Amino acid sequence: MEALFGKTLSELQDIVLNFGLKKFTAAQIASWLYKKDVSNIQEMTNLSKQTRELLEKNFVVGKEPPVKETVSKDGTKKYLFKSGDNRYIETAYIPDKDRATLCISSQTGCKMGCKFCNTGLQGFAGNLSVTQILNQIKSLPEKDRLTNYVFMGMGEPLDNKENVLKALEIMTSDYGFGLSPHRITLSTVGLTPSIIDFLEKTDVHLAISVHNPFPEERKEIMPIENAQPLSKILKIVEKFDFRHQRRFSAEYIMIKGFNDSPRHARELAEILKKIPSRVNLIRYHEHPGSEFHSSTEIKIHEFQEILNSKNIITTIRSSRGEDIFAACGLLSTKEICQK
């Protein structure tokens, strides 16, 4: 049956009106779903028994617990969720002192084919529904500890734009989770016109996967550069306000001998000079079949120093959960799906 969890308020209103119920019933249902975290319709006790029975004949709440939990030596946890018949996704929970970040997936696999990414090597098996996206949050055992949410898990979020935007609406709306959009970051390789819709319709932070500032070299590892050049994406981003609370960041995986030279650092600073931004340097995480290796710590710090000297705030992201394949670029359910 169809899930109620994952419906926007307007969708819930359409449902209740279609069944001849009062429009305000939709707000009551939303409160039970998103604020009170009910697991079944009978728990919605301010609805009449008749209304609950009517809903129960046609809908379920729709939340499902993870089917597996893997714990890293550094405290990071990786959760496996079912996403269809013989399909699964992974979600990473990353605690760090007074912060706890959830790395959310938006697709089973990915179409983008980035050569450095283990998810990309899996191929694409389908978009996640709004229910499946939000289920990663509300079915998480540590849901009450979360402080930050990043769409940096499996898949390209803007390749599943409609469902991701609905999920963001529910996450940030008063009727939904009521989260500040500035606690949420969406990471993308850059897709138009989807990125325009995202920037116009949300106040969520934006992260662009750059990984090489030179177009011909970026094409070698990111096929999207052929159809959607980074230069075009950055021109779009320039038109939006990133001078106040909303933040723009460039994600940059450090690959030994490929993109870690001073020449790359200077060019990266050049292409970002018109956008208030910060750069996140990410150690490359090797996986089976990988042809790449991570830059040395010396190279990474030298790269950071060049960017800082160009007045670009640059951080080196800590590697978390690498031993359980939960670190950046390692999520994959290919082996599970093939069993």
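Refer to the preceding data block for the structure.
Residues numbered from 1 in each chain as written. Predicted model: local features only at pLDDT ≥ 70, side-chain atom pairs only at ≥ 80, totals over all residues. Heavy atoms only, no water.

## With respect to the state of the cysteines
Scanning the model with the defined rule gives zero disulfides in all. For C117, which is in no disulfide, the shortest distance to another cysteine sulfur is to C114 and amounts to 6.4 Å. (Disulfide = S-S within 2.5 Å.)

## Section: unusual backbone geometry
Following T192, the chain continues into P193 via a peptide bond in cis, with omega recorded as 5°. Its place among the elements puts P193 in the loop between β10 (184–188) and α7 (194–201). Positive phi, close to 55°, is recorded for N86, a residue that is not glycine. For N86, the location among the structural elements is in the loop between β4 (77–84) and β5 (87–96). A relative accessible area of 38% means that N86 is categorised as partly exposed. Even without being a glycine, N311 presents a positive backbone phi close to 65°. Given a relative accessible area of 73%, N311 falls into the exposed group. (Helix = DSSP H or I, 4+ residues; strand = E, 2+ residues; numbered from the N terminus. Buried < 20%, exposed > 50% of the residue type's maximum accessible area, 1.4 Å probe, protein only.)

## Let's talk about the pattern of salt bridges
According to the stated counting rule, one finds 16 salt bridges in the structure shown. Between K166 and E162 there is a salt bridge, with its nearest N and O atoms 3.6 Å apart. Placement of both K166 and E162 in helix α6 (residues 161–172) is noted, with a separation of four residues, approximately one turn of the helix. Given the relative accessible area of 22%, K166 is considered partly exposed. Given the relative accessible area of 54%, E162 is considered exposed. Taking the shortest distance from any N to any O, the salt bridge between E225 and R218 comes out at 2.6 Å. By the burial criterion, E225 is buried, and R218 matches it. (Salt bridge = Lys/Arg side-chain N within 4 Å of Asp/Glu carboxyl O.)

## With respect to the packing of helix α1 (residues 9–18) against helix α2 (residues 25–34)
As a packed pair, α1 and α2 sit with axes 8 Å apart at the nearest point and diverge in direction by 125°. It follows that α1 is oblique to α2 by the angle criterion. In the crossing of α1 with α2, the sense of the turn from one axis to the other is right-handed. Note on element contacts: α2 touches α1 through T25, A26, A27, I29, A30 and L33, opposite L9, L12, Q13 and V16. In terms of residue class, the contact of α1 with α2 is built from eight nonpolar, two polar and no charged. (Axes fitted to C-alpha atoms, helices over the stretch in contact; angles between N-to-C directions. Parallel < 35°, antiparallel > 145°, perpendicular 65-115°, else oblique. Left-handed = near helix turned anticlockwise from the far one by under 90°. Contact = heavy atoms within 4.5 Å. Nonpolar A, V, L, I, M, F, W, Y, C, P; charged D, E, K, R; others polar.)

## Section: the packing of aromatic side chains
Enumeration over the complete set of coordinates arrives at eight aromatic pairs. An angle of 80° between the planes, with centres 6.2 Å apart, marks the rings of F19 and F59 as edge-to-face. With F19 in the loop between α1 and α2 and F59 in strand β2 (residues 59–60), this residue pair connects regions lying 40 residues apart in the sequence. Overall, F19 belongs to the partly exposed group, its relative accessible area being 27%. F59 sits in the buried class, given a relative accessible area of 6%. Relative to F292, the ring of F258 has its centre 6.4 Å away and its plane inclined at 45°; by these criteria the two rings are tilted. (Phe/Tyr/Trp six-rings, centres within 6.5 Å; stacked < 30°, edge-to-face > 60°.)

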